[in-house]
Amino acid sequence: MAPPGPAGAHPTSAEPLSRSVFRKFLLMLCSLLTSLYVFYCLAERCQTLSGPVVGRSGGGEEAGTPGRGVPAGGPGELAAWPAAARRKRLLQVRPRPKRRPPAPRDDGEEAAGEEEPPGLAGSLGGSGAGSSVAETPPGTLALLLDEGSKQLPQAIIIGVKKGGTRALLEFLRVHPDVRAVGAEPHFFDRSYDKGLAWYRDLMPRTLDGQITMEKTPSYFVTREAPARISAMSKDTKLLVVVRDPVTRAVSDYTQTLSKRPDIPSFESLAFQNRSAGLVDRSWSAIQIGLYAEHLERWLRHFPARQMLFVSGERLVRDPAGELGRVQDFLGLKRIISDKHFYFNQTKGFPCLKKAEGSGRPHCLGKTKGRPHPE
């Protein structure tokens, strides 16, 4: 061993070497912590992005694309998503709205107690679903990037009340190329005097290749609605959800009974003369179900090829099969499949495994699937 040097001599080469290793270690540790922090921030941000569709769609797998749920692999896997899904994902980045108690409606699908899918606006002028008409609120990524534009609807669910229109709309929203106002605008029956510019402003933003939709079941029985919709666009595609008119009338009565328990019995309202079997056609629950009479007005303004009648019964028994017909009618790729649904035995209705904008299962609200009186 060499004897120690005199005081003031330079340190041996071992000291600079150990300091160099220590500095490198500190640099690597700082880089690792910085990377973890950035990854954490990205992961937290990704949780606020709305997933465009649910589960792994049959259509996507056939096309060789990965599943369309929230990407497990982070931003790298997002790049492999179909372009339409990525665009819709960007358009849906928005703050969670405050929920307003919905107002009762007498002529459309009942709103009270319905479950709102998360990530949807809940005030007039928003683009949400469930309780009120809305547009994309200011400050969203879509507005910051100037993505998309508001268009008048190319397809409208015009009826019928208590036929299954809410279920159809919620199921269609799973498709990445469908953008829909969740609540009922009631433009062509209640607010026509406000003008098309007001109506367009209610619509969500869409990109090229996406369809704008709305649903208001009372349009089907509104005398002025066919001419007004035709004046907006003769190419509008119309969807009508129908079910057995007697079952529909009982469902309509059940909804009213839940709000007004003191109303007369179904039989006393449905019949002018019970012993003679004479039906009271003037009662609204019966009148709505006279499908042929209402259809005559629509056929004066639209050819039959622009109307699709959706079976409310098949929408319950085989939602994927009925949605396949709807996707074909709208010119959409068949993406919604059996993999998106499960049957809720308690409610007696099919539910979405994951709703638009959420990673959780979603069933329609408590007002759907009420037990009917005998």
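What you are looking at is a predicted structure, and each value in this text was computed from that prediction instead of being measured. (Residues numbered from 1 in each chain as written. Predicted model: local features only at pLDDT ≥ 70, side-chain atom pairs only at ≥ 80, totals over all residues. Heavy atoms only, no water.)

Novice: Can you lay out unusual backbone geometry for me, pointing to particular residues and giving the numbers?
Specialist: Note that the residue after Gly159, namely Val160, is joined by a cis bond; omega there is -5°. Position of Val160 among the secondary structure elements: in the loop between strand S2 (155-159) and helix H6 (165-172). Despite not being glycine, Lys162 shows a phi value in the positive range, around 60°. Its place among the elements puts Lys162 in the loop between S2 and H6. Its identity is not glycine, yet His186 carries a phi of approximately 55°, on the positive side. Position of His186 among the secondary structure elements: in the loop between strand S3 (178-180) and helix H7 (196-202). (Helix = DSSP H or I, 4+ residues; strand = E, 2+ residues; numbered from the N terminus.)

Novice: Before we move on, could you go through the sheet that holds strand S9 (residues 307-311) and cite the residues and values that matter?
Specialist: Spatial strand order, S3-S5-S2-S6-S9: five strands in an open sheet with parallel pairing. On the outer flanks of this sheet lie S3 and S9, each paired with one strand and no other. Geometrically, the sheet is characterised by an average inter-axis angle of 25° between neighbouring strands, direction not taken into account. With three bridges joining them, S2 and strand S5 (residues 211-215) adopt parallel strand pairing. For Ile157, the partnering residue across the bridge sits in S5 and is Lys215. Together, S2, strand S6 (237-242) and S9 form the strand contacts of helix H12 (residues 291-299), whose direction differs from that of S9 by roughly 155°. (Pairing = 2+ DSSP bridges. Axes fitted to C-alpha atoms, helices over the stretch in contact; angles between N-to-C directions. Contact = heavy atoms within 4.5 Å.)

Novice: Any chance you could break down helix H14 (residues 319-329) for me, citing the residues and the numbers?
Specialist: Within H14, eight of the 11 residues are buried, which leaves it mostly tucked inside the rest of the structure. Pro319, Ala320, Glu322, Leu323, Gly324, Val326, Gln327 and Phe329 are the residues of H14 that are buried. Buried residues along H14 sit in contact with H6, S6, S9, helix H13 (312-317), strand S10 (341-344) and strand S11 (349-352). A positive backbone phi angle near 75° is found at Gly331, which sits one or two residues after H14. (Buried < 20%, exposed > 50% of the residue type's maximum accessible area, 1.4 Å probe, protein only.)

Novice: Explain the pattern of salt bridges to me, using residue names and the numbers behind them.
Specialist: Under the criterion given, the structure shown has nine salt bridges. Salt-bridge contacts for Asp252 lead to Lys161; the nearest nitrogen and oxygen are separated by 3.1 Å. Highlighted residues: Asp252 in helix H9 (residues 245-259) and Lys161 in the loop between S2 and H6, separated in sequence by 91 residues. Close ionic contact of Arg314 with Glu322 constitutes a salt bridge, the shortest N to O distance being 2.9 Å. Arg314 sits in the partly exposed class, given a relative accessible area of 36%. Of the residues examined, Glu322 reaches a relative accessible area of 2% and is grouped as buried. Through salt bridges with shared partners, a single ionic network connects Lys161, Arg248 and Asp252. (Salt bridge = Lys/Arg side-chain N within 4 Å of Asp/Glu carboxyl O.)

Novice: Give me the lowdown on the packing of aromatic side chains, citing residues and values where you can.
Specialist: Scanning all chains against the criterion turns up 12 aromatic pairs. Centre to centre, the rings of Phe171 and Phe341 are 4.9 Å apart; their planes meet at 80°, and the pair counts as edge-to-face. One end of the pair, Phe171, is in helix H6; the other, Phe341, is in strand S10, and 170 residues separate them in sequence. Note on Phe187 and Phe188: the rings are 4.9 Å apart at their centroids and 75° apart in plane angle, and the pair reads as edge-to-face. On the basis of relative accessible area, Phe188 is assigned to the buried category, the value being 0%. Cluster of aromatic residues (ring-pair linked, three or more members): Phe187, Phe188, Tyr192, Trp198, Tyr199 and Tyr219. The ring of Phe329 has Lys237 sitting right over it, with the charged end atom 5.5 Å from the ring centre. The ring of Phe271 carries Arg274 above its face, with NZ or CZ at 4.5 Å from the centroid. (Phe/Tyr/Trp six-rings, centres within 6.5 Å; stacked < 30°, edge-to-face > 60°. Lys NZ or Arg CZ within 6 Å of the ring centre and 35° of its normal.)

Novice: Give me the lowdown on helix H8 (residues 225-232), citing residues and values where you can.
Specialist: When we look at burial in H8, the residues that qualify are Ala225, Pro226, Ile229, Ser230 and Met232. Along the axis of H8, the buried positions cluster into a sector of 155°, meaning they face one direction only. Buried residues along H8 sit in contact with S2, H7, S6 and H12. (Arc of directions from axis to C-beta.)

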